[in-house]
Amino acid sequence: MEGPPGYYLTSIKDLPEDCLNFIFQRLECNSDRESFGLTCHRWLHIQNINRLFLQFQCSFTQLNLSSLSQTIPTISSFHLNRLLTRFQQLESLSLSGCTELPDSGLTPLQYYGSKLQKIFLDCCFRITDEGLSLIAIGCPSLTVISLYRCNVTDVGLQNLAESCSGLKDVNLSYCVLISDHGLRALSQKCSQLRAVSISFCKGVSGVGFRGCCSPTLAYLEAESCKLEPEGITAIVNGGGLEYLNVSNLRWCIAGDGLAAIGGAGLGTKLRVLNLRMCRSVSSESVAAIAKGCPFLQDWNLSICHEVKIPGWKAVGENCHNLEIIHLNRCRNLCDRGLQALRDGCRRLRIMYITGYYQVSVPAMEMFKWSRSDVQIKEEEITTVPNWPFR
């Protein structure tokens, strides 16, 4: 049936892509967005170019119970090629949990990874320097990469740093083949580093940061590392640290070296410090940190057995912004130490404390009575929720 003069029938093919994109962006419900592409090929195309994040069902970048119970599929170069061909605007890709993914599976990134900004390869055990080189070639815009438990070495890390100089967040936890040489390449080439995790990297002493620690480095996770005093000095020399975790620190030499955290005015930005299980940290080091890091808000001193009355007094006298303190199983925390914290830390809100063998019942009751504003929790916290990779 023909319409009146000047009247033309139109279809979705006549609408410009900008108009269709606007309609898609106005959909607030995820289920509506997922079913959007079932309407026709044009709508499917709009849906595809608007997908910015892709995460496989087996991935545990965001841990959930369903992902743990899934049978891990075999992800090949063919699968990735099809997906990356379809979703060419991806900014974030998670392959975490693809334990059998080989280096060759990352080949399509050479052709379709130019817009990727984030990639997660946690527990991709078969990814080596070769796979990291493919990422370096194909993903020059990368700012975030997680290589938790990948079998990469200093060579692969150096290739990555040279090609992806815009990296900001790098997770190298349990990359046991990484050493200070790889960290030096990363620090020298990537001047915008914001967060780095080297936890459980037994070949790292921290000296890789010497002379090249970026002032933008705000978060460092170094749990169960063999950091040397020179390495700790190198780490804090950037002056921008806000979060530092050196829990369960292991040394092969005498001395604790942690006083450097508060030295030369380099710890003024530090807000969160985790020294849990640093059994050899002394009262002198704690005093130096307390004086040099006046804006500390959360300090974990659990299982720091060598901190005695002078250390606790220094915390009370200098940590005026401290809001949370962890005192679990501190053998040398006594009545006088608790009193120093009670009288000095006026902004304290939460105190985690268990196993306080030298603190008497009257001293604890006095603390509760005089500091009713402090919530006392008889539990032990080992992690900080706001760490970038959690």
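Residues numbered from 1 in each chain as written. Predicted model: local features only at pLDDT ≥ 70, side-chain atom pairs only at ≥ 80, totals over all residues. Heavy atoms only, no water.

(A) Highlighting the overall build of the protein. On a plain count of helices and strands, the protein comes out with 14 helices and 13 strands. For the protein, the residues scored as buried account for 50% of the 390 residues in total. Of all intrachain contacts in the protein linking residues separated by at least 6 positions in sequence, the fraction that spans at least 24 positions is 74%. Looking at the protein as shown, the accessible area adds up to about 18600 Å², and 51% of this sits on carbon and sulfur atoms. (Helix = DSSP H or I, 4+ residues; strand = E, 2+ residues; numbered from the N terminus. Buried < 20%, exposed > 50% of the residue type's maximum accessible area, 1.4 Å probe, protein only. Contact = heavy atoms within 4.5 Å. Areas by Shrake-Rupley, 256 points an atom, 1.4 Å probe, with all protein chains shown as cover.)

(B) Structural detail: the side chain of asparagine 248. Tracing the chain through its elements places asparagine 248 in the loop between β8 (243–245) and β9 (272–274). Residue asparagine 248 is classed as buried on the basis of its relative accessible area, which comes to 14%. Engagement of the side chain of asparagine 248 in a polar contact is seen with the side chain of serine 224, the distance being 2.9 Å. Asparagine 248 has contacts with Ser224, Cys225, Arg276, Met277, Cys278 and Arg279, leaving out every residue within four places of it along the chain. (Polar contact = N/O pair within 3.5 Å; in protein donor to acceptor, adjacent residues only side chain to side chain.)

(C) Region of interest: the packing of aromatic side chains. Inspection of every chain in the model, using the stated rule, returns 3 aromatic pairs. Considering the side-chain rings of tyrosine 148 and tyrosine 174, the 5.5 Å spacing of their centres and the 80° angle between planes classify their relative orientation as edge-to-face. Of this pair, tyrosine 148 sits in the loop between β4 (144–146) and α8 (154–163) while tyrosine 174 sits in the loop between β5 (169–171) and α9 (180–189), and the two are 26 residues apart along the sequence. By relative accessible area, tyrosine 148 is classed as partly exposed at 24%. An aromatic cluster is built from Tyr148, Tyr174 and Phe200, whose rings are joined through pairwise contacts. (Phe/Tyr/Trp six-rings, centres within 6.5 Å; stacked < 30°, edge-to-face > 60°.)

(D) Layout of the environment of arginine 331. Tracing the backbone shows arginine 331 in the loop between β11 (324–326) and α13 (335–344). For the pair formed by arginine 331 and lysine 308, sequence separation is 23 residues and the distance between their alpha carbons is 8.8 Å. Once residues within four sequence positions are removed from consideration, arginine 331 is found in contact with His305 and Gln358.

(E) Examining the nonpolar core more closely. Residues Ile135 and Trp299 are the most contacted members of the largest nonpolar core, which totals 98 residues. Ignoring anything within four residues of it in the chain, the contact list for tryptophan 299 reads Leu273, Leu275, Val286, Ile289, Ala290, Val315, Cys319, Leu322, Ile324, Ile325 and His326. Core analysis: the next-biggest nonpolar cluster, separate from the first, contains 5 residues, Ala195, Ala218, Tyr219 and Val272 among them. (Core = buried A, V, L, I, M, F, W, Y, C linked by side-chain atoms within 4.5 Å.)

(F) Inspection of the environment of methionine 351 at higher detail. Looking at where methionine 351 falls in the secondary structure, it is placed in strand β12 (residues 350–352). For the pair formed by methionine 351 and isoleucine 324, sequence separation is 27 residues and the distance between their alpha carbons is 5.9 Å. Beyond its immediate stretch of four places on either side in the chain, methionine 351 contacts Ile325, Leu327, Leu338, Phe367, Val374, Gln375, Ile376 and Lys377.

(G) Structural context of the packing of α13 against helix α14 (residues 361–370). Between α13 and α14, whose axes approach to 10 Å, the crossing angle comes to 5°. On the basis of their axis angle, the class for α13 and α14 is roughly parallel. In this structure, α13 uses Asp335, Leu338 and Arg342 to contact α14, whose residues at the interface are Ala363, Met364, Met366, Phe367 and Ser370. (Axes fitted to C-alpha atoms, helices over the stretch in contact; angles between N-to-C directions. Parallel < 35°, antiparallel > 145°, perpendicular 65-115°, else oblique.)

(H) Main features of the packing of helix α12 (residues 309–318) against α13. Two elements in contact, α12 and α13, have axes separated by 8 Å at closest approach and are oriented at 5°. The orientation of α12 with respect to α13, classified from their angle, is roughly parallel. Every residue of α13 that contacts α12 at Ile309, Trp312, Lys313, Val315 and Gly316 is listed here: Arg336, Gly337, Ala340, Leu341 and Gly344. Class assignment of the residues belonging to the contact of α12 with α13 gives a composition of 5 nonpolar, 3 polar and 2 charged. (Nonpolar A, V, L, I, M, F, W, Y, C, P; charged D, E, K, R; others polar.)

(I) Inspection of the side chain of serine 96 at higher detail. Along the chain, serine 96 turns up in the loop between β2 (92–94) and α6 (109–112). A polar contact is formed between the side chain of serine 96 and the backbone nitrogen of aspartate 122, at a distance of 3.2 Å.

(J) The arrangement of helix α7 (residues 129–138) in detail. Most of α7 sits out of view: 7 of its 10 residues are buried. When we look at burial in α7, the residues that qualify are Asp129, Gly131, Leu132, Leu134, Ile135, Ala136 and Gly138. On its buried face, α7 is in contact with α6, β3 (118–120), β4 and α8.

(K) Molecular detail of unusual backbone geometry. Phi at tyrosine 174 takes a positive value of approximately 65°, unusual for a residue other than glycine. Of note, the phi angle at arginine 329 is positive, near 55°, even though the residue is not glycine. In this structure, arginine 329 sits in the loop between β11 and α13. Taking the relative accessible area as the measure of exposure, arginine 329 reaches 35% and is therefore partly exposed.

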